[in-house]
Amino acid sequence: MTVAHEANIDIKKGSSSLLHNLAFRGVAYQVLLAAAIVLLAYLLYQNVNANLEKQRIATGFDFLNETSGFDIGETLIEYDSEDSYGRALLVGIMNTLSVAACGIVLATILGTIMGIARVSRNWLASILASGYVEICRNVPVVLHVIFWASVIRNLPSPKQALSPMEGVFLANRGFIFPVPEPNPAYTWVWVALAAGLVLAFGFNYWAQKHREKTGKYIATLWPCMGIVIGLPLAAWLVQGAPLVWSVPELKGFNFRGGASLTPEFIALLIGITFYTGAFIAEIVRAGIQSVPVGQIEASRALGIRRGFIMRYITFPQALRVIVPPTTSQYLSLTKNSSLGVLIGYPDLVNVGNTTLNQTGQAVEAIAVMMAVYLGISLTISLGMNIYNRIVAIKER
Amino acid sequence: MPGARKTRKKNETGETIITLEGVSKWFGDFQALRDINLTVDKGERVVVCGPSGSGKSTMIRCINRLENHQRGRIVVDGIELTDNLKNIEAVRREVGMVFQSFNLFPHMRVIDNLALAPMLVRQMPKKDAEEMALGYLRRVQIEEQAYKYPGQLSGGQQQRVAIARSLCMQPRIMLFDEPTSALDPEMIKEVLDVMVELAEDGMTMVVVTHEMGFARTVANRVIFMDDAEIVEIAPPETFFSKPKSDRTKLFLSQILTH
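Computed from a predicted structure; not experimentally measured.

Draft legend 1. Region of the structure containing the sheet that holds strand E2 (residues 30-41) of chain B. Residues and elements named next belong to chain B. Pairing in this open sheet of 4 strands is antiparallel, and the strands run E2-E1-E4-E5 from one edge to the other. The open sheet has two free edges, formed respectively by E2 and strand E5 (79-80), since each of these has just one partner strand. Alignment of strand E4 (residues 71-76) against E5, held across 2 bridges, turns out to be antiparallel. By the bridge assignment, Val-76 is partnered in E5 with Ile-79.

Draft legend 2. Structural context of helix H5 (residues 141-153) of chain A. All names here are of chain A. The terminal C-alpha atoms of H5 lie 18 Å apart, and with 13 residues this matches the ideal 18 Å at 1.5 Å per residue to within 8%. All of the buried residues in H5 are Val-141, His-144, Val-145, Ala-149 and Ile-152. Here the buried residues of H5 occupy an arc of 125° about the axis, which is enough to place them on one side. Among the structural elements, helix H4 (123-137), strand E2 (168-171), helix H8 (263-289), helix H10 (306-336) and helix H11 (340-343) are those in contact with the buried residues of H5.

Draft legend 3. A look at the layout of surface pockets. The computed volume of the largest pocket comes to approximately 1100 Å³. Residue lining of the largest pocket: 27 residues in total, with A:Arg121, A:Ile296, A:Arg300, A:Arg306 and A:Ile309 positioned closest to the centre. Where the lining of the largest pocket is concerned, the elements lending two or more residues are helix H3 (85-119), H8, helix H9 (293-301) and H10 of chain A together with helix H3 (85-94) of chain B. When its residues are assigned to classes, the lining of the largest pocket shows 12 nonpolar, 5 polar and 10 charged. Estimated volume of the second largest pocket: approximately 430 Å³. Along the walls of the second largest pocket sit 16 residues, with A:Glu212, A:Tyr312, B:Leu116, B:Met119 and B:Lys126 positioned nearest its centre. Breaking the lining of the second largest pocket down by element, the ones donating at least two residues are helix H6 (186-214) and H10 of chain A together with helix H4 (110-121) and helix H5 (126-139) of chain B. By residue class, the composition of the lining of the second largest pocket is 7 nonpolar, 2 polar and 7 charged.

Draft legend 4. Highlighting the packing of H3(A) against helix H12 (residues 348-359) of chain A. Residue and element names in this part refer to chain A. In contact at an axis separation of 7 Å, H3 and H12 are set at 155° when each is read in the N-to-C sense. The pairing of H3 with H12 is recorded here as roughly antiparallel in orientation. Of the residues in H12, those touching H3 at Tyr-85, Ala-88, Leu-89, Gly-92, Ile-93 and Thr-96 are Leu-348, Val-351, Gly-352, Thr-355, Gln-358 and Thr-359. Partitioned by chemical class, the residues of the contact of H3 with H12 number 6 nonpolar, 6 polar and no charged.

Draft legend 5. The packing of aromatic side chains, seen in detail. All names here are of chain A. The full count for this structure, using the stated rule, is 14 aromatic pairs over all chains. For the pair Phe-265 and Tyr-345, a centre-to-centre distance of 5.9 Å together with 50° between the ring planes defines the contact as tilted. Within this pair, whereas Phe-265 is found in helix H8, its partner Tyr-345 is found in the loop between H11 and H12, the two being separated by 80 residues in sequence. When sorted by exposure, Phe-265 lands in the same class as Tyr-345, which is buried. An aromatic cluster of three or more residues is present, and its members are Phe-61, Phe-63, Phe-70 and Tyr-85.

Draft legend 6. View of the interface of chain A and chain B. In this assembly, 27 residues from chain A lie in contact with 30 residues from chain B. Buried area between chain A and chain B, both sides added, is near 2500 Å², and the carbon and sulfur share of it is 60%. For the pair chain A and chain B, the interface holds 2 salt bridges. Residue B:Arg61 is joined to A:Glu297 by a salt bridge in which the shortest nitrogen-to-oxygen separation is 2.4 Å.

Draft legend 7. Examining the packing of H3(A) against helix H13 (residues 362-391) of chain A more closely. Residues and elements named next belong to chain A. At a closest axis distance of 12 Å, the pairing of H3 and H13 adopts a crossing angle of 35°. In the crossing of H3 with H13, the sense of the turn from one axis to the other is right-handed. The residues of H13 that touch H3, namely those facing Leu-89, Ile-93, Thr-96, Leu-97 and Ile-104, are Val-368, Val-372, Tyr-373, Ile-376 and Ile-380. A class-by-class count of the residues in the contact of H3 with H13 yields 9 nonpolar, 1 polar and no charged.

Draft legend 8. Representation of the side chain of B:Arg61 within the structure. When you line up the elements, B:Arg61 lands in helix H2 (residues 56-63). Overall, B:Arg61 belongs to the buried group, its relative accessible area being 12%. Here the side chain of B:Arg61 touches A:Glu297 through a polar contact of 2.4 Å, side chain to side chain. The contact partners of B:Arg61, leaving out residues within four places of it in the chain, are A:Glu297, B:Leu66, B:Glu67, B:Met97, B:Phe99 and B:Asp177.

Draft legend 9. Up close: the nonpolar core. Core analysis: the largest hydrophobic core is formed by 53 residues, its most contacted members being B:Leu137, B:Ile163, B:Met174, B:Phe176, B:Met195 and B:Met205. Here this core takes 8 residues from helix H7 (residues 185-200) of chain B, the largest share from any one element. Excluding residues within four positions of it along the chain, B:Met174 makes contact with B:Gly96, B:Val98, B:Ile163, B:Ser166, B:Leu167, B:Leu198, B:Met203, B:Thr204, B:Met205 and B:Val206. Of all hydrophobic cores here, the second largest spans 51 residues; its members include A:Ile93, A:Ile152, A:Ala318 and A:Met369.

Scoring rules and cut-offs
- Residues numbered from 1 in each chain as written.
- Chains lettered and ligands numbered in written order.
- Predicted model: local features only at pLDDT ≥ 70, side-chain atom pairs only at ≥ 80, totals over all residues.
- Heavy atoms only, no water.
- Pairing = 2+ DSSP bridges.
- Helix = DSSP H or I, 4+ residues; strand = E, 2+ residues; numbered from the N terminus.
- Expected span 1.5 Å × (residues − 1).
- Buried < 20%, exposed > 50% of the residue type's maximum accessible area, 1.4 Å probe, protein only.
- Arc of directions from axis to C-beta.
- Contact = heavy atoms within 4.5 Å.
- 1 Å grid on protein atoms, 1.4 Å probe; cavity = no way out; pocket = protein on both sides within 12 Å on 5 of 7 lines; lining within 4 Å.
- Points joined across faces, edges and corners; volume = space filled by probe spheres on them.
- Nonpolar A, V, L, I, M, F, W, Y, C, P; charged D, E, K, R; others polar.
- Axes fitted to C-alpha atoms, helices over the stretch in contact; angles between N-to-C directions.
- Parallel < 35°, antiparallel > 145°, perpendicular 65-115°, else oblique.
- Phe/Tyr/Trp six-rings, centres within 6.5 Å; stacked < 30°, edge-to-face > 60°.
- Buried area = accessible area lost by both parts, 1.4 Å probe.
- Salt bridge = Lys/Arg side-chain N within 4 Å of Asp/Glu carboxyl O.
- Left-handed = near helix turned anticlockwise from the far one by under 90°.
- Polar contact = N/O pair within 3.5 Å; in protein donor to acceptor, adjacent residues only side chain to side chain.
- Core = buried A, V, L, I, M, F, W, Y, C linked by side-chain atoms within 4.5 Å.

Next comes the structure, spelled out in structure tokens:
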């Protein structure tokens, strides 16, 4: 800008006050906000401390080592009322993890099948899947859980238990089924199963390489199934096929022997699985439909078979749409498992509440529960983010 | 269908390779094709033009069964298109198609786009398929882009890749559905050049396009379609200078006067 130019323009001088400086204002607001938050946190802390002292409630996490004095109906690790609160909470965590893990696997399978069925050209399958989705996702998950809990509670008593097969019972005590008695030979069966899995992966890899080299397609599904099932079977036969079933029998008012799933576990699992499965079905449907029709037309015009189109064209492109929202569903399923507290499933919240009531240390008990859920959720997120990075396809 | 092909003499002129007899098609109540009769000879180049919605795309999409016809017969390379999946697959192996919107697979590199179908459909070893892919990319003068993703290429380059991808299946017929309509003007020529070269090599081509220059120089016959039916079929010289139908005249006056 030239001097002459400047002379022609009448510049109005504004205020030179710092308060009208944009940069200064930006910083000032942030400092004020930070100060307010710190002050609020301090006041809260003071208040809690003062109140706890007034009511003579201890603080800190020492209670975790004290004897809990309560029993838990369903435990994956050894536990009795002589054990500590810490161990009780661990039992709760294990129960939460087991129902959430089963739920995630089942909801994924159910959701994928229903999602594919919804876009299928089979009218009946599509209608059934739509019905499932609309019913299950429009009913609060609490009702799902309570509904299944009451269904199971209304099953016949053990004496009149439904028995679809010899030794298998469905009663208001849960689902009771025979299991093989433990036997040292089974260690080798497990080892053989692991070896079979490794071999199956190796075979798959080899088949793919072979195909790239010669162009010959080798079906891997049946050979792989053969290896995975056959090896443990062989290991079992070689050791003389030891098998003693522990068959449940009615003794008095309940069953002895066998293994069982408790009514609470089944109800919670079915409830959260059906609910989340409906959302996953919609996600899968959206993912498949997000692939442009032109992609499929181009593949068909090239003469590629329908199964291959799904595997090489549709699925890879759908997966990147499916994975991120599915992660959210896994997280909400895990957190929804805390509804177990409503129907008496001893999950983390259930055990945590009992602990809270007995010790009165609400802040610490809640903190433990929050930390555990946060930990589980972050772990799921991390795992799914890594998976997402693997399937996220490169486009440029 | 190698067995079917052996019985026929190769490169015989005047040999019919596509036959449409009384083909009709409806989308719901809307009739998209009305009693279409057309034969295309081996090595012939046919350009299809007409106003939008006249059924040109639908007609060529029936030739490789991306759309099914409801009445009449379609025979391609001696194979009749019916609901028989084997027939459909056999026809699709012989017929390549290029789309207006390219439809390259965005998640695969250019070379993988080209090698995929030969590997899956023709059971070709990966190394051979890639070698062939590079050969066709060289032919459409785009070999240096082989290891990029489609999204990194310009429209004209993408369409040339799409043509090369079809050629990798070594088709006997190529269908083009408005191959230059989605391109910027300066990219149209590079695609048309490839198509002209293909025509010179003797490929049987059915091309839906509004590029009248291409029709004039390359086509053996020009077909004008309007309102779901074929209005006029003529060699380009007569088609452009002495169109018979008034509808053709109107159409030509609309697209040639600017």
